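# Commentary on secondary and tertiary structure
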Amino acid sequence: MRLRRLWLWLAVLPLLLACGRRTAASHQEATGEFRYARLLHYNRTDGTFCIADPWRQGKILQTVTTSKPFKRVVVFTTAHCQLMEYLGVADKIVGVCDAQYILISDIQKRLRLAEGVKGKIADCGSSMSPNIERIIALKPDAIILSPYEGQDLGRIAKLGIPVILAADYMETSSLGRAEWMRYFARLFDCAQIGDSLFNVVDANYQSLKAYAAKLPKGKSVLTERKTGAVWYTPGGESTIGVTIRDAHGGYAFAKDKHSGSLPLSFEQILAKAGQSDVWAFKFNGARPMSKSDLLREFQGYSGLKAFRTGNIYECNCSVRPYFEEVSWRPDYLLREMIILLHPQAKLGKLRYYQKLAP
């Protein structure tokens, strides 16, 4: 576990040594304020966090106190399981949902342990329809789940177990989302670790952003692919949209003001973003995709410039820990985008994406 805590330090220790001066940002950290997160507000007087409602301006989604650290939690999302590993508190996880999608070896190992064995993690079923009886039997201190607009927690709300609404994915910047690690660290009484980890992520991200800004304007990128009749593309103020901007790349929806996804028809995508230089999408599969696979899925893809030029990149989330990592490592994703959009960048190999074979 201690080795896992070194993951951040080794990457940018030289950068930190060069930036050891006390700044306004470090002053904010010392006073419990947040530098980038717009949904988090901390009251130092009573140790209370107020989570702003991302769907209703001026409203509060939740208020949480940090008087007693959590020791047993059920976690509904793979990203928050990964965060607990980074913070060194994964031993507090007693149950998870959507277990089959969690690409964390220690979590999978603990799921396979026999009942009653120390460290056992219980499979609590689907996050959309969790096994309530199993959750009750685990006697957790809290349940961590990602909320959505108009959500009805149903039976979960009636259990008398604190529910932590992890709305970090609704932040309008990658660093804003990642800064929620400082909030979660306080829920597990490891604030210093959370602050230190975030400082390194922030420093690394800023260094990469400055590097990209000195490069010529990068290629334009189209993300994701058609799902049913809809193509969900990131809004201009979403974490992906902001990351593309920080990578000094082009994005057809850069001027859009939404922080979530835009549900568009293929015709809208083709008209607005069909001439994008690069097409990068995520999927889950047993093997890499090919252009033939894409055409079998939807013939209309042939109308995209990136399809015709072969500048297509896939991220197979069945084998790549994209969803586990990028929420807390936006510097990883920024580096990825810089490599994709700036062929001249000298930043090594891609971490998540790979180019489709001709």
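Quick note: structure is the one above.
Report follows, based on the coordinates.

Reading the values: rules and limits
- Think of each chain on its own: its residues are numbered from 1, step by step along the sequence as written.
- The predicted nature of this model means local features are confined to residues of pLDDT at least 70 and side-chain atom pairs, given and counted, to a pLDDT of 80 or more, with totals for whole chains, interfaces and linings taken over all residues.
- Hydrogens and water molecules were not included; the side-chain quantities draw on all heavy atoms of the structure.
- To obtain an axis, a line is fitted to C-alpha atoms, over the contacting stretch when the element is a helix, and the angle between two such axes runs from 0 to 180 degrees between their N-to-C directions.
- Put simply, DSSP H or I for four residues or longer makes a helix, DSSP E for two residues or longer makes a strand, and each gets a number counted from the N terminus.
- For classification, angles of less than 35 degrees are called roughly parallel, those exceeding 145 degrees roughly antiparallel, those between 65 and 115 degrees roughly perpendicular, and all remaining angles oblique.
- Note: crossing handedness is left-handed where the near helix turns anticlockwise from the far helix by less than a right angle, and right-handed where it turns clockwise.
- By the convention used here, residues are in contact when the closest approach between their heavy atoms is within 4.5 Å.
- Here the nonpolar group is Ala, Val, Leu, Ile, Met, Phe, Trp, Tyr, Cys and Pro; Asp, Glu, Lys and Arg are the charged ones; every other residue, Gly included, is treated as polar.
- Only protein chains enter the area calculation, which uses a 1.4 Å probe; residues under 20% of their type maximum are buried, those over 50% are exposed, and those in between are partly exposed.
- We score Asp and Glu as negative and Lys and Arg as positive, and we do not count His or the chain ends.
- Salt bridge, as applied in this entry: a Lys or Arg side-chain nitrogen positioned within 4 Å of an Asp or Glu carboxyl oxygen.
- Pairing between strands is defined by DSSP: at least two bridges between the two strands are required.
- By nonpolar core is meant a set of buried Ala, Val, Leu, Ile, Met, Phe, Trp, Tyr and Cys residues that side-chain atoms within 4.5 Å join together.
- A cavity, in this analysis, means grid points on a 1 Å lattice covering only the protein atoms where a 1.4 Å probe fits yet has no way out; a pocket is instead an open set bounded by protein on both sides within 12 Å along at least five of seven lines, and a residue lines either one if it has an atom within 4 Å of a point.
- Grid points are joined across faces, edges and corners, and a volume is the space filled by probe spheres set on the points.
- Any Phe, Tyr or Trp ring, taking Trp's six-membered ring, that has another such ring centre within 6.5 Å forms a pair; planes under 30 degrees apart are called stacked, those over 60 apart edge-to-face, and the others tilted.
- Counted as over-ring charges are cases with an Arg CZ or a Lys NZ within 6 Å of the ring centre that also lie within 35 degrees of the ring normal.

Where helix H10 (residues 239–246) meets helix H15 (residues 330–341), the closest approach of the two axes is 9 Å, and the angle between their N-to-C directions is 55°. It follows that H10 is oblique to H15 by the angle criterion. Viewed along their axes, H10 and H15 form a crossing whose handedness is right-handed. Counted together, Ile240, Thr243, Ile244 and Asp246 of H10 and Leu333, Leu334, Met337 and Leu341 of H15 form the full contact between these two elements. Here the residues of the contact of H10 with H15 sort into 6 nonpolar, 1 polar and 1 charged.

The next subject is the side chain of Asp98. With respect to the helices and strands, the residue Asp98 is situated in the loop between strand S5 (93–96) and helix H5 (105–111). The buried charged residue Asp98 lacks any salt bridge, with Arg134 as its nearest oppositely charged partner at 12 Å. With residues up to four places along the chain from it excluded, the contact list for Asp98 reads Phe76, Gly125, Ser126 and Ser127.

Right, let's talk about the environment of Val326 for a bit. Here Val326 lies in the loop between helix H14 (322–325) and H15. Discounting chain neighbours no more than four positions away, the residues touching Val326 are Leu333 and Tyr352.

Moving on: the pairing of strand S2 (residues 48–52). Among the 5 residues in S2, 4 count as buried, and that is most of the element. Summarising the sheet, strand S1 (residues 40–43) and S2 pair through 4 bridges and their orientation is antiparallel. Across the sheet, the residue bridging to His41 is Cys50, located in S2. In terms of strand pairing, S2 meets strand S3 (residues 60–65) through 5 bridges, oriented antiparallel. Directly across from Thr48, in S3, lies its bridge partner Thr65.

With respect to topology, 5 strands assemble into an open sheet ordered S6-S5-S4-S7-S8, the strand pairing being parallel. Edge positions in the sheet fall to strand S6 (122–123) and strand S8 (163–165), since each has one partner strand and no second. As judged from the 3 bridges shared by strand S4 (residues 73–75) and S5, these two strands associate in the parallel manner. Residue pairing for S5: Val74 is matched across the bridge by Gly95. Lying on the sheet, helix H4 (residues 78–87) is in contact with S4, S5 and strand S7 (142–145); it crosses S4 at an angle near 130°.

With 92 residues, the main nonpolar core has Ile93, Trp180, Tyr183, Phe184 and Trp279 as its most contacted residues. Examining the composition of this core, we find that 7 residues originate from one element, H15, more than from any other. Filtering out sequence-adjacent residues up to four positions away, Phe184 remains in contact with His80, Leu83, Leu87, Ile144, Ile164, Ala166, Asp168 and Trp328. Core analysis: the next-biggest nonpolar cluster, separate from the first, contains 15 residues, Ala122, Ile135, Leu138 and Val163 among them.

What follows is about empty space enclosed by the protein. Per the counting criterion, the structure on display carries 1 cavity of 30 Å³ or more. Taken as a whole, the largest cavity holds about 30 Å³ of empty space. What lines the largest cavity is simply Thr223, Glu224, Ile240, Ala280, Lys282, Tyr322, Met337 and Tyr353. Here the residues of the lining of the largest cavity sort into 5 nonpolar, 1 polar and 2 charged.

With the rule as written, the count across this model stands at 21 aromatic pairs. Seen in terms of ring centroids, Phe70 and Phe188 are 6.1 Å apart; in terms of plane orientation they differ by 75°. Their pairing is edge-to-face. Here the residue Phe70 occupies a position in the loop between S3 and S4, and Phe188 occupies one in the loop between helix H8 (180–187) and helix H9 (191–213), the gap between them amounting to 118 residues. Across the pair, Phe188 and Phe70 agree in class, each one buried. The ring of Phe298 has Lys226 lying over it, and the distance from NZ or CZ to the ring centre is 4.5 Å. Lying over the aromatic face of Phe307, Lys291 brings its terminal NZ or CZ to 4.6 Å of the ring centre.

Let us now look at the sheet that holds strand S13 (residues 278–283). Ordered in space as S9-S13-S14-S15, the 4 strands form an open sheet in which the pairing is mixed. What marks the edges here is a single partner per strand, and that holds for strand S9 (221–223) and strand S15 (354–355). Alignment of S9 against S13, held across 3 bridges, turns out to be parallel. Among the inter-strand pairings, Leu222 is bridged to a residue of S13, identified as Trp279.

For side chains of opposite charge, pairing can occur when their charged atoms come near one another. Across all of its chains, the model carries 18 salt bridges by this definition. Taking the shortest distance from any N to any O, the salt bridge between Asp202 and Arg35 comes out at 3.0 Å. Note that Asp202 is positioned in helix H9 and Arg35 in the loop between helix H3 (24–30) and S1, a separation of 167 residues in sequence. Accessibility classification places Asp202 together with Arg35 in one group, the buried group. One continuous salt-bridge network, built from bridges that share partners, spans Glu179, Arg182, Arg186 and Asp195.

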